[in-house]
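A look at the structure
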Amino acid sequence: MNRATRAAGAAFVGTTIEWYDFYVYATAAALLFDDLFFPNASSPTVALMASFATYAVGFFARPLGGIVFGHFGDRVGRKSALVVTLLMMGGATFLVGLLPTYDSIGALAPVLLVLLRFVQGLAVGGEWGGAALMAVEHAPPGRKTFYGGFAQLGNPAGALLATGAFSLMSLSGEQAMQAWGWRVPFIVSAVLVLVGLFIRLRVEESPVFEAADRTGVPIKEVFRTSWRSVLLGVGTLPVAIGGYYLLTTFLLSYATGPSVGASEQLILNGLSFASFVELVATLGIAWLGDRFGARKVAVWFLVLTALLAVPQFAVLGSGNAVLIFALLGLMRLATSGTYGPMAAILAEMFPPQVRYTGISLAYQGAGAIFGGLSPLAATALVGAYGGAAWPAVALLVGMCVLSVICLAVAPRHRDREPVPSAVTG
């Protein structure tokens, strides 16, 4: 097995475990944490918003994780940073599974939940940038989008495992799920982390990192030379990140809530099917990125996402399982096309010596803004308009428009181009 293939495989396995941990929390926040950790809220909507607020904390921590581990990854090495992030994420997730609820320890329970979610956010803030770069920087010429797709593949794989785990545990019944079943998906994370560490420790360091100038302070150089790239990077990601959570975490709570009343089991199974669609489609979409251009492919699928927004929410109350599965699968295919090429797109927006820091700031900044706030904003807007879905639809379409504009004007860098004079001083 050559270095590129080994790096791509490690990126896939590592990000799968990291995103499994992250999505296990997201699923529990949508279905259970309002009752388990906020039982004294003034209304069900307020309890759900409080649950989503703890979920958002992880996103707000992600930019800090991007700065800390971006610096570490640009100065010490991509591989070392990725080992630390995997241990942090796995440890925090395991401890959530052991956490007493509000009924046991009162207000301390949500405080500890927020603290562990913050650690999760720090870890995933440093994870994605390093995993994406290990895959892209080991890739042969002309295959960077495809190899970068392996890092993106961890997202649907982790989501599939997370929703599948909760779907399986829900078979035990609502009472068992509330009492102990929700803990199981968190606790098994410890086993996955051991597997991930074994694979990740066997990968060589990135050759681009080894050849890069590492004399500067990455965060300082990013803001001196590449601050426009950071802002444009954030602007390319609303749908790839925020749209995803709007169409999973928010959609799950909306579809199973009083406005729609769909079966929880049906929507969980539908989301598991959608994650499988993304898992199958991601590498094909990444191949298209190398064939036709990563940015062009992303724009195609942004347009498709906007076109599917209305029918996606319209079918949720139909009770027709085939129709619901079909739209969830089509929409996930569309959003996969906006996410799959992003490792390569963001990597080329920054020079190698500040790339880990730069793409982590862009990706995690978008996560804090669009990923953390989208479910919360959609819940508040839909609640303000009597349960109507059109505010969520408008939010998603607006994200698509912003992404297209930023993709059109984002810069490009080549790995072997001359280092800008501002960086070398």
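First, a word on what this report is: a plain description of the structure on this page. Computed from a prediction, not measured in an experiment: that's the story for all the values here.

Moving on, we get to helix H1 (residues 3-31). Relative to the 42 Å expected for 29 residues at 1.5 Å per residue, H1 spans 42 Å between its end C-alpha atoms, a close match to the ideal helical length. In terms of residue burial, H1 counts as a mostly covered element, since 23 of its 29 residues are buried.

An ideal rise of 1.5 Å per residue puts 16 Å on 12 residues; helix H10 (residues 189-200) measures up with 16 Å between its terminal C-alpha atoms. Listing the buried residues of H10 in full gives Ser 189, Val 193, Gly 196, Leu 197 and Arg 200. The buried residues of H10 occupy an angular sector of 100° when projected down its axis, which confines them to one face. In H10, those exposed residues whose orientation departs by more than 90 degrees from the buried face are Val 191, Leu 194 and Phe 198. Its buried side turned inward, H10 meets H1, helix H4 (78-98), helix H6 (108-138) and helix H9 (183-187).

The next point concerns the packing of aromatic side chains. Counting across every chain of the model gives 12 aromatic pairs. On the numbers, 5.6 Å between centres and 20° between planes, the contact of Phe 250 with Tyr 254 is stacked. Of this pair, Phe 250 and Tyr 254 both sit in helix H14 (residues 238-256), separated by four residues, roughly a single helical turn. In this structure Tyr 254 comes out as buried when scored by relative accessible area, which is 11%. A connected cluster of aromatic rings, assembled from ring pairs, spans Phe 37, Trp 182 and Phe 186.

Before going further, it helps to examine the packing of helix H15 (residues 264-292) against helix H17 (residues 321-339). How two helices sit against one another is set out by the angle between their axes and by the gap between those axes. Where H15 meets H17, the axes come as close as 8 Å, and the angle between the chain directions of the two elements is 35°. In the packing of H15 onto H17, the handedness of the crossing is right-handed. In this structure, H15 contributes Leu 266, Ile 267, Asn 269, Gly 270, Leu 271, Phe 273, Ala 274, Ser 275, Val 277, Glu 278, Ala 281 and Ile 285 to the contact, and H17 contributes Ala 321, Ile 324, Phe 325, Leu 328, Gly 329, Arg 332, Leu 333, Ser 336, Gly 337 and Tyr 339. Looking at the contact of H15 with H17 residue by residue, the classes come out as 14 nonpolar, six polar and two charged.

Structurally, the position occupied by Ser 189 is in helix H10. A relative accessible area of 0% places Ser 189 in the buried class. Residues contacting Ser 189, with those up to four places away along its chain left out, are Tyr 20, Asp 21, Gly 90 and Thr 93.

Reading the values: the criteria
Residues numbered from 1 in each chain as written. Predicted model: local features only at pLDDT ≥ 70, side-chain atom pairs only at ≥ 80, totals over all residues. Heavy atoms only, no water. Helix = DSSP H or I, 4+ residues; strand = E, 2+ residues; numbered from the N terminus. Expected span 1.5 Å × (residues − 1). Buried < 20%, exposed > 50% of the residue type's maximum accessible area, 1.4 Å probe, protein only. Arc of directions from axis to C-beta. Contact = heavy atoms within 4.5 Å. Phe/Tyr/Trp six-rings, centres within 6.5 Å; stacked < 30°, edge-to-face > 60°. Axes fitted to C-alpha atoms, helices over the stretch in contact; angles between N-to-C directions. Left-handed = near helix turned anticlockwise from the far one by under 90°. Nonpolar A, V, L, I, M, F, W, Y, C, P; charged D, E, K, R; others polar.

Everything listed here is a matter of coordinates, which is why it stays silent on function.
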